[in-house]
Amino acid sequence: MKTFAIILAAGKGTRMKSLLDDKSKVSYPILGIPLVKHVLNTLRPLSIERKVTIVGFGRAVTEEIVRDESETVYQHEQKGTGHAIMQVAPLLAGQEGKTLIVCGDTPLLKTETIKRLIDQHDEENNKLTILSAIVPNPHGYGRIIRASDNSVLEIVEQADVDELQNVINEVNAGVYVFDNKLLFDYLSKLKPNNAQGEYYLTDLIKMFENDGLKIGASIANNYQEMLGINDRHQLEEAATIMRYEINERHMLAGVTIEDSASTYIGPEVVIGSDTIIRAGTHIYGKTVVGKQNVVGPSTYLDNVVVGDENHIIFSHIADSTIGNGNEIGPYARLRGHSVVGNHTRVGNFVELKTCVLHDGAKSAHLTYLGDVEIGEKTNIGCGTIVANYDGYNKTKTFIGKDVFVGSGSTLISPVVIEDNAFIAAGSTINRNVGKDDMAIARVRQENKIGYGKVVREKALQKKLANSKK
Ligand code: UD1
Ligand code: MG
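Description of the structure in this document. These figures come from a predicted structure and were not determined experimentally. Here the residue numbering is sequential within each chain, running from 1 through the sequence in written order. Each chain takes a letter, starting from A, and each ligand takes a number, starting from 1, following the order in which they are written. pLDDT decides what is reported in this predicted model: residues at 70 or higher carry local features, side-chain atom pairs at 80 or more are listed and counted, and totals for whole chains, interfaces and linings draw on all residues regardless. Note that the side-chain values use all heavy atoms of the structure and ignore hydrogens as well as water.

Things to note about the pairing of strand 11 (residues 215–219)
Line of reasoning, step 1. Buried, partly exposed and exposed residues are distinguished by accessible area as a fraction of the type maximum, computed with a 1.4 Å probe on protein chains only: under 20%, between the cut-offs, and over 50%, respectively. Numbered from the N terminus, helices here are DSSP runs of H or I no shorter than four residues, and strands are runs of E no shorter than two. Burial runs high along strand 11: four of the five residues are buried.
Line of reasoning, step 2. Here a strand pair is declared whenever DSSP counts at least two bridges between the two strands. Taken together, the five bridges between strand 7 (residues 128–134) and strand 11 define a ladder with parallel strand orientation. Note that in strand 11 the partner of leucine 131 across the bridge is serine 218.

Next up, the structure:
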């Protein structure tokens, strides 16, 4: 039997209290990944025939996020979760199969939990199976109302609960498996008879129950999984839970994390054993870090591939590749698909932008290396600048092996400096330099014997004359 999935993601998220009129609630990130993307990541391992995300408020932003793995349907006006699912009727109504419904604002849901729900739905031959949870604070959630024989009677929303129902702590996680045909048949009969005047998807439970259609409920093992993000406090709460879970997973797999409270690692990051992650470090995106590295303190890696045995300290690195045994930082910045080989040194206040640094090359201090390839064992002196931009175009410079670039030099791109060349300190280089050649490009120094004293006396007399005025 086919399984379809619908992701509810059209709501405005009024409780986020944002003034931005194009930002959907499900686009708020946790560890660099939008809420709805976390949900899609959870669904990915399941065999689902068709995924449909319902977009509405902030449509363009949400569509951009889900585009490559889900179809989208636009809900013009947000008239409730039931109304949202009705928008999918043209795509799915009348088809044999079952439909999983999840909210786009529940980023902590686990694949196993959803799999268990689907399995239970099949095994019990249910027409509807609900995921519920027992929570310490049920406020804000729909409450599961059960009969004396424990069967599910209905779900009552927060805005509609009476005093007795208000203390029920079994709540609706917002995840359901429906018989697809029945889902759309019953949606067409749904009415907005409630405190908020909305079409509640949750009203279908009572309708199924009244017609004797079999309903099951699966209580989640861990209630935290179904935390729905409605405000920014819940956003931080969920982010913290996810962060500690991820950090724990790495620690148990052999990574040292010095201070979990200040370490942020995205869910897709891979880290090898015996690597030490020091305090204040953020590692995001599809970053892969090898073995026996020291990363941090206070380092930021985003989509970076790092080999083994590197030291990366107080640095900011994005979209780049780093080999083995490198010393990077403190205060280095690497970006724009830079590639660093092995056993190099990228020191303090050195920026690499689209730079290839081959094995053993060194740039120890205060340097900008943009659009340049640097050969093995070349030494880039302190304060070197590769001037790669003329205000309109970026051009590339090549520096060969074993080159010595003296401190305070400017290389005006495009130039080629061949192997073993020597650039005298303080040079401004705008022509190519051949193999084994030396280039010196600065005004020749002139010493005027005894003239320092003369200049100083003149200056003193001027100062005295001025003070008498
Ligand atoms: C909903 C459930 C509640 C459950 C809770 C779990 C209903 C009526 N209530 O309440 O029982 O305990 O989730 O987190 O279903 N959305 C749309 N279109 C709309 C309205 C909402 O797509 O017109 C989307 C939202 O973007 C969100 C999801 O549906 O992703 C849930 O909506 P939300 O307003 O957060 O509902 P809750 O009040 O949390
Ligand atoms: Mg919600």
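Description of the environment of leucine 91
Line of reasoning, step 1. Here leucine 91 is to be found in helix 4 (residues 89–92).
Line of reasoning, step 2. With 328 residues separating them along the chain, leucine 91 and aspartate 419 place their C-alpha atoms 64 Å apart.
Line of reasoning, step 3. In this view, leucine 91 contacts Arg50, Val52, Glu71 and Val73; residues no more than four positions away in its chain are not counted. In this analysis, two residues are considered to be in contact whenever any of their non-hydrogen atoms come within 4.5 Å of each other.

Quick look at the packing of aromatic side chains
Aromatic rings in a pair are described by how distant their centres are and how their planes are angled relative to each other.
Line of reasoning, step 1. Under the pairing criterion, centres of Phe, Tyr and Trp rings, with the six-membered ring standing for Trp, must be within 6.5 Å; the plane angle then separates stacked pairs below 30 degrees from edge-to-face pairs above 60, leaving the rest tilted. All chains considered together, the criterion is met by seven aromatic pairs.
Line of reasoning, step 2. Centroid distance tyrosine 186 to phenylalanine 208: 4.9 Å. Interplanar angle 55°. Geometry classified as tilted. Note that tyrosine 186 is positioned in helix 7 (residues 180–187) and phenylalanine 208 in helix 8 (residues 203–210), a separation of 22 residues in sequence.
Line of reasoning, step 3. Each ring, one from tyrosine 331 and one from phenylalanine 349, has its centre 5.3 Å from the other, and the planes form 10°; the classification is stacked. A residue pair is termed long-range when its members are at least 10 positions apart, and tyrosine 331 in the loop between strand 24 (327–328) and strand 25 (333–335) and phenylalanine 349 in strand 27 (residues 345–357) qualify at 18 residues.

Side note on helix 8
Line of reasoning, step 1. For helix 8, the full list of buried residues reads Leu204, Ile205, Met207 and Phe208. On an axial view of helix 8, the arc spanned by its buried residues comes to 165°, and they lie on one face.
Line of reasoning, step 2. Looking at the buried side of helix 8, the elements it contacts are strand 7, strand 9 (152–156), strand 10 (170–179), helix 7 and strand 11.
Line of reasoning, step 3. Looking one or two places after helix 8, you find glycine 212, whose phi comes out positive at around 70°. This arc describes the spread of directions from the helix axis toward the C-beta atoms.

As for the site of ligand 1
Line of reasoning, step 1. Within the structure, ligand 1 sits among 23 residues, and Leu8, Gln75, Thr81, Glu157 and Asn172 are positioned closest to it.
Line of reasoning, step 2. Here an oxygen atom of ligand 1 sits 3.2 Å away from a polar atom, N or O, in the side chain of asparagine 230.
Line of reasoning, step 3. Put simply, the parts of the chain that give the shell around ligand 1 at least two residues each are strand 1 (3–9), helix 3 (81–86) and strand 10. Note on terminology: near, applied to a residue and a molecule or strand, indicates that one of the residue's heavy atoms is within 4 Å of it. Counted as a polar contact is a pair of N or O atoms within 3.5 Å, where, for protein atoms, one must be capable of donating a hydrogen and the other of accepting one, and residues adjacent in sequence contribute only when both atoms are in side chains.

Digging into the coordination of the magnesium ion (ligand 2)
Ideal values differ by geometry: the angle at a metal is 109.5 degrees with four tetrahedral donors, but 90 or 180 degrees with six octahedral donors.
Line of reasoning, step 1. Coordination of the magnesium ion (ligand 2) by the protein involves Asp105 (OD) and Asn230 (OD1), with metal-donor separations of 2.4 to 2.6 Å. A residue pair is termed long-range when its members are at least 10 positions apart, and aspartate 105 in the loop between strand 6 (98–103) and helix 5 (111–123) and asparagine 230 in the loop between strand 11 and helix 9 (232–252) qualify at 125 residues. Each member of the pair, aspartate 105 together with asparagine 230, is buried. Excluding water, the donors of a metal are its N, O and S neighbours within 2.8 Å, or within 3.2 Å for Na, K and Ca, and that exclusion means sites may look incomplete.

Re the packing of helix 7 against helix 8
Think of two packed helices as two axes; the pair is described by the angle between the axes and how far apart they sit.
Line of reasoning, step 1. Only the contacting stretch of a helix is used when fitting its axis, a line to C-alpha atoms as for every element, and angles between N-to-C directions run 0 to 180 degrees. Between helix 7 and helix 8, whose axes approach to 11 Å, the crossing angle comes to 105°. By the angle class used here, helix 7 and helix 8 are roughly perpendicular. On helix 8, the residues that touch Leu182, Leu183, Tyr186 and Leu187 of helix 7 are Leu204, Met207 and Phe208.
Line of reasoning, step 2. Each residue is assigned to one class: nonpolar for Ala, Val, Leu, Ile, Met, Phe, Trp, Tyr, Cys and Pro, charged for Asp, Glu, Lys and Arg, and polar for all the others, Gly among them. In the contact of helix 7 with helix 8, the residues fall into seven nonpolar, no polar and no charged. In these notes the angle categories are as follows: under 35 degrees is roughly parallel, over 145 is roughly antiparallel, 65 to 115 is roughly perpendicular, and the rest is oblique.

Things to note about unusual backbone geometry
Line of reasoning, step 1. Cis geometry is adopted by the peptide bond preceding proline 297, which originates at glycine 296 and carries an omega value of 5°.
Line of reasoning, step 2. The residue proline 297 is located in the loop between strand 18 (294–295) and strand 19 (300–302) in this model.
Line of reasoning, step 3. The omega angle of the peptide bond from serine 413 to proline 414 is 0°, so this bond is cis rather than trans.
Line of reasoning, step 4. Take proline 414: it is sitting in the loop between strand 33 (410–412) and strand 34 (416–417).
Line of reasoning, step 5. Even without being a glycine, asparagine 125 presents a positive backbone phi close to 55°.
Line of reasoning, step 6. On the secondary structure map, asparagine 125 appears in the loop between helix 5 and strand 7.

So, the pairing of strand 28 (residues 362–374)
Line of reasoning, step 1. Relative to strand 28, strand 27 runs parallel, the two being bridged by ten bridges. Paired with valine 356 across the bridge in strand 28 is glutamate 373.
Line of reasoning, step 2. One ladder, built from two bridges, connects strand 28 with strand 29 (residues 379–380); its direction is parallel. If you follow lysine 362 over to strand 29, its bridge partner there is asparagine 379.
Line of reasoning, step 3. Pairing analysis gives three bridges linking strand 28 to strand 31 (residues 397–399), with the strands arranged parallel. Its bridge partner being in strand 31, valine 372 is matched across the sheet by threonine 397.

Quick notes on the side chain of threonine 299
Line of reasoning, step 1. Here threonine 299 shows up in the loop between strand 18 and strand 19.
Line of reasoning, step 2. For threonine 299, a relative accessible area of 1% puts it in the buried group.
Line of reasoning, step 3. Once residues lying within four places of it in the same chain are set aside, the contact partners of threonine 299 are Gly280, Thr281, His282, Ile312, Ile313, Phe314 and Ser315.

Re the environment of leucine 43
Line of reasoning, step 1. When you line up the elements, leucine 43 lands in helix 1 (residues 35–43).
Line of reasoning, step 2. The class of leucine 43 is buried, set by a relative accessible area of 0%.
Line of reasoning, step 3. Distance from leucine 43 to threonine 3, taken between C-alpha atoms, is 12 Å for residues 40 residues apart in sequence.
Line of reasoning, step 4. Beyond its immediate sequence surroundings of up to four residues, leucine 43 is in contact with Ala5, Ile7, Ile48, Lys51, Leu100, Val102 and Ile114.

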